[in-house]
Amino acid sequence: MASVTYDHVTKRFGDVVAVNNLDIQIEDKEFLVLVGPSGCGKSTALRCLAGLEDISEGKILIGDQVVNDVPPKDRDIAMVFQSYALYPHMSVYDNMAFGLKLRKTPKDEIKRRVEEAAQILGIQDLLERKPRQLSGGQRQRVAVGRAIVREPKVFLFDEPLSNLDAKLRVETRANISKLHQQLQTTFIYVTHDQTEAMTMASRIAVLESGILKQIDTPQNLYDHPDNLFVAGFIGSPAMNFFPATLQKSDGKLIIDADSFNLEIPENRKEAFQDHAGKAIIFGIRPEDIINPEFAPPGIIAQPVDTKVDITELMGNEIFLFLKTGEHEFVARVDPRTRATIGQDMQLLFNMENMHIFDRETERAIR
């Protein structure tokens, strides 16, 4: 078991900065997820930790040991890749045991570790099969099992669920979370899927263009994003954004978004007083746009007139794609809502859960 430290790590490929001054302390036994869009540097950061890429600046520590110059095989890590990379001519048992055989581990110890890992992953009945006889989900479990038998200090996962169908992804991510609980080892997991990140991580690090934008627990990232990028990336459907200005009027603080005006609740005014008269971005999540017929009691909400563009019935909820003036946005409303394309509809914005960002810096105003 070990902690992992990225100490101001930078990785360049020629003139391209793939990872820029990354500074993260990952605690022992933590499940940290690196998330961000394609090309943000998350896989490169993982490969630097694994020793598959040399770093340009900074230090990487596993426990108390600086591993910048330590060969990958001596870093006591195990990595699960997007591709299963199983040997097609070997049985499941031999695929899982191969790395241990190379290290000249005694046969009895290999047998113990492989059978123990197979039991944890529920593949004990597959040990004599070849990879071609397995489903995608089973192959992925074999690849994870090959990592488990090494009993490493740190597990690295590089988008391991990308090749699975939607149902299997849900099942496999639950299995990986259970695995973390059972093994009590440090997990570092890379994905572009923020749903995976939200459901699995103890903390999430959000990257953009090689830069760490915010690191926090899933709930804090969702409730209190530090900037426009994190606010738009975390949450599905994404947060709605409206260019606006803050105006003072008769002691009230008003969000003026041209096609609608919203009063900031009395209990939240203080944080925004200094930004009166300035350009802002107003943000609200789709689930905080509510059909008045089904509004929960006690919320502080403001009405907005909209026109329905598209409706998507999801069974347990309805997505409404809406327009107001020049603004297009999405609401996630109660499934009992009756809405038709082209209909004029007044909806409520839950102002207790609103977000306001400085338009120039894109930082959250709190």
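Residues numbered from 1 in each chain as written. Predicted model: local features only at pLDDT ≥ 70, side-chain atom pairs only at ≥ 80, totals over all residues. Heavy atoms only, no water.

> Any chance you could explain unusual backbone geometry here in plain terms?
Glycine aside, the phi torsion of most residues is negative, and most peptide linkages are trans. A cis amide bond links Ser236 with the next residue in sequence, Pro237, at an omega value of -5 degrees. With respect to the helices and strands, the residue Pro237 is situated in the loop between α8 (228–233) and β11 (240–249). We note that Lys104 has phi near 60 degrees; this positive angle belongs to a residue other than glycine. Of note, Lys104 is situated in the loop between α2 (92–102) and α3 (107–121). (Helix = DSSP H or I, 4+ residues; strand = E, 2+ residues; numbered from the N terminus.)

> In this structure, what is going on with the packing of aromatic side chains? I would like to understand it.
Any two aromatic rings considered together are summarised by their centre-to-centre distance and by the angle between their planes. As enumerated under the stated definition, the model contains 16 aromatic pairs in all. Where Phe241 meets Phe357, the ring centres are 6.0 Å apart and the plane angle is 80 degrees; that geometry is what we call edge-to-face. With Phe241 in strand β11 and Phe357 in strand β20 (residues 355–358), this residue pair connects regions lying 116 residues apart in the sequence. The rings of Phe31, Phe155, Phe157, Phe187 and Tyr189 are connected pair by pair, giving a single aromatic cluster. Lys11 extends its terminal NZ or CZ atom over the ring of Phe13, reaching a point 4.8 Å from the ring centre. If you follow Arg285 out to its NZ or CZ, it ends over the ring of Tyr222, 4.0 Å from the centre. (Phe/Tyr/Trp six-rings, centres within 6.5 Å; stacked < 30°, edge-to-face > 60°. Lys NZ or Arg CZ within 6 Å of the ring centre and 35° of its normal.)

> For this particular structure, what's the right way to read the packing of α2 against α3?
Describing two packed helices takes the angle between their axes plus the distance from one axis to the other. At a minimum axis separation of 10 Å, α2 and α3 run at an interaxial angle of 135 degrees. In terms of orientation, α2 and α3 fall into the oblique class. Here α2 runs over α3; the crossing is right-handed. Side by side, α2 and α3 meet where Tyr93, Met96, Ala97, Leu100 and Lys101 of the first sit next to Ile110, Lys111, Arg113, Val114, Ala117 and Ala118 of the second. (Axes fitted to C-alpha atoms, helices over the stretch in contact; angles between N-to-C directions. Parallel < 35°, antiparallel > 145°, perpendicular 65-115°, else oblique. Left-handed = near helix turned anticlockwise from the far one by under 90°. Contact = heavy atoms within 4.5 Å.)

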